Amino acid sequence: MQALEGAAAVMMEQPVGDTEAMTTEAASSDALLPVLLPNVGKEAEIDGADGARFDEMRGLLAAIRRLESIVEEETAALATGKKVDFDDFSARKSRSMLEFVRLMRARMHLGSEVEITEEIQRLREKLERNRSILEMHYDAVREVATIIVRAIKDAESDGTYTGRTTQDGK
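In this text the structure is predicted, and so the values were computed from the model without any measurement.

Glancing now at a nonpolar patch on the surface. On the surface, a cluster of nonpolar side chains totalling about 260 Å² of accessible area is made up of Val144, Ile148 and Ile152. Structurally, the position occupied by Ile152 is in helix α5 (residues 114–156). By relative accessible area, which is 44% here, Ile152 ends up partly exposed.

Right, let's get into the environment of Glu73. Structurally, Glu73 can be placed in helix α3 (residues 40–80). Take Glu73: its relative accessible area is 38%, and that puts it in the partly exposed class. For the pair Glu73 and Asn130, spaced 57 residues apart in sequence, the C-alpha to C-alpha distance is 9.7 Å. Those residues in contact with Glu73 that lie beyond four places of it in its chain are Phe89 and Arg92.

Turning to the pattern of salt bridges, a few remarks are in order. Within this structure, the stated rule accounts for 13 salt bridges. A single network of salt bridges, built from pairs that share partners, joins Arg65, Glu115, Glu119 and Arg122.

Secondary-structure assignment places Thr75 in helix α3. With a relative accessible area of 4%, Thr75 lands in the buried category. Each C-alpha atom of the pair Thr75 and Asn130 lies 5.3 Å from the other, and the pair is 55 residues apart in sequence. In this structure Thr75 touches Arg129, Asn130 and Ile133, once residues within four positions along its chain are discounted.

Take helix α4 (residues 86–106) next. In this model, α4 (21 residues) spans 30 Å end to end at C-alpha, consistent with the 30 Å of a helix rising 1.5 Å per residue. Taken together, the buried positions of α4 are occupied by Phe89, Lys93, Ser96, Phe100, Leu103 and Met104. Buried residues in α4, looked at end-on, bunch into an arc of 100°, giving them a common side. Those residues of α4 that are exposed and angled more than 90 degrees off the buried face are Asp87, Arg95, Arg102, Arg105 and Ala106.

All right, on to the nonpolar core then. Met57, Leu60, Leu61, Ala63, Ile64, Leu67, Val71, Phe100, Leu103, Met104, Ile116 and Leu123 together form the largest nonpolar core, which totals 12 residues. Of all the secondary-structure elements, those providing two or more residues to this core are α3, α4 and α5. Contacts of Leu61, omitting those with residues within four sequence positions, involve Glu115, Ile116 and Glu119. Listed in part, the six residues of the second largest apolar core include Ala77, Leu78, Val84 and Ile133.

Across the interface, α4 lies against α5 with an axial gap of 14 Å and an inter-helix angle of 155°. In this view, α4 runs roughly antiparallel relative to α5, as classed from their interaxial angle. Viewed along their axes, α4 and α5 form a crossing whose handedness is left-handed. Judged by residue contacts, Phe86, Lys93, Phe100 and Met104 of α4 engage Ile120, Asn130 and Leu134 from α5. The residue inventory of the contact of α4 with α5, partitioned by class, reads five nonpolar, one polar and one charged.

Confidence in the prediction for the protein averages 74 pLDDT; 62% of positions are at 70 or higher. The low-confidence segment residues 6–29, where pLDDT is below 50, has 14 contacts with residues more than four positions distant or belonging to other chains. Here residues 31–46 is modelled with pLDDT under 50, and outside its nearest four sequence neighbours on either side it reaches 10 contacts, counting other chains as well.

The rules behind each value
- Counting restarts for each chain: residues are numbered from 1 in the order of the written sequence.
- With the structure being a predicted model, the display of local features is reserved for residues of pLDDT at least 70 and the display and counting of side-chain atom pairs for 80 or more, all residues being used for whole-chain, interface and lining totals.
- Values shown for side chains rest on all heavy atoms present in the structure; no hydrogens or waters enter the calculation.
- A patch consists of residues exposed above 30% relative accessible area that lack any salt bridge, with like charges linked at up to 9 Å and nonpolar side chains (Val, Leu, Ile, Met, Phe, Trp, Tyr) linked at up to 5 Å.
- All accessibility values rest on the Shrake-Rupley procedure with a 1.4 Å probe; residue burial counts only the protein chains present in the view.
- Any Lys or Arg side-chain nitrogen found within 4 Å of a carboxyl oxygen on Asp or Glu counts as a salt bridge.
- Secondary structure elements follow DSSP: runs of H or I no shorter than four residues count as helices, runs of E no shorter than two count as strands, and numbering proceeds from the N terminus.
- Only protein chains enter the calculation, and the probe is 1.4 Å; a residue is then buried if its accessible area is under 20% of its type maximum, exposed if over 50%, and partly exposed in between.
- Throughout, a contact is declared for two residues whenever any of their heavy atoms are within 4.5 Å.
- Take the residue count of a helix, subtract one, and multiply by 1.5 Å to get its expected span.
- This arc is taken over the directions from the axis of the helix to the C-beta atoms.
- As used here, the term nonpolar core means buried Ala, Val, Leu, Ile, Met, Phe, Trp, Tyr and Cys residues forming a set that is joined through side-chain atoms within 4.5 Å.
- Here an angle of 0 to 180 degrees is reported between the N-to-C directions of two axes, which are lines fitted to C-alpha atoms, with helices fitted over the stretch in contact.
- Here the word oblique covers every angle except those under 35 degrees (roughly parallel), over 145 (roughly antiparallel) and from 65 to 115 (roughly perpendicular).
- If you view the pair so one helix is near and one far, a crossing is left-handed when the near helix is turned anticlockwise from the far one by less than a right angle, and right-handed when it is turned clockwise.
- Think of it as three bins: nonpolar holds Ala, Val, Leu, Ile, Met, Phe, Trp, Tyr, Cys and Pro, charged holds Asp, Glu, Lys and Arg, and polar takes everything else, Gly as well.
- Residue-level confidence of the predictor, termed pLDDT, takes values from 0 up to 100.

Structure, rendered in structure tokens:
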């Protein structure tokens, strides 16, 4: 009985981190004492999963913010009347949107995260404002193009094939 108590005391005095050594010693001495071992692996997996989830969130948020930045830059340039390189903005937005969509598909489980939902909502609002300003510029370009086409037709035409009413201004 004293030998068993002594073995239990030795086991209690050992640090918890050395769980492999405890199980090996117990097996070699044929001790029949129940030993409760902490499941360190499970805690590490949970911490690792949380860390991986945090990294995924950080990556997705960074992609959303990059896209937001490009959209804001284009919207500001259009609103202030600066010269806009539409090809450059289009290419940058396309690449950024592709990155965002791929990350979102791979990390659908993050769609319920509040921070990501808020960022996506802000992005949606910025994209809507950008679309509205682009549409306004597109309409203006179309009107100017219509005026130019009409002026070219009028300049090239000698009135031979137009009706008498258009020549007289009626």
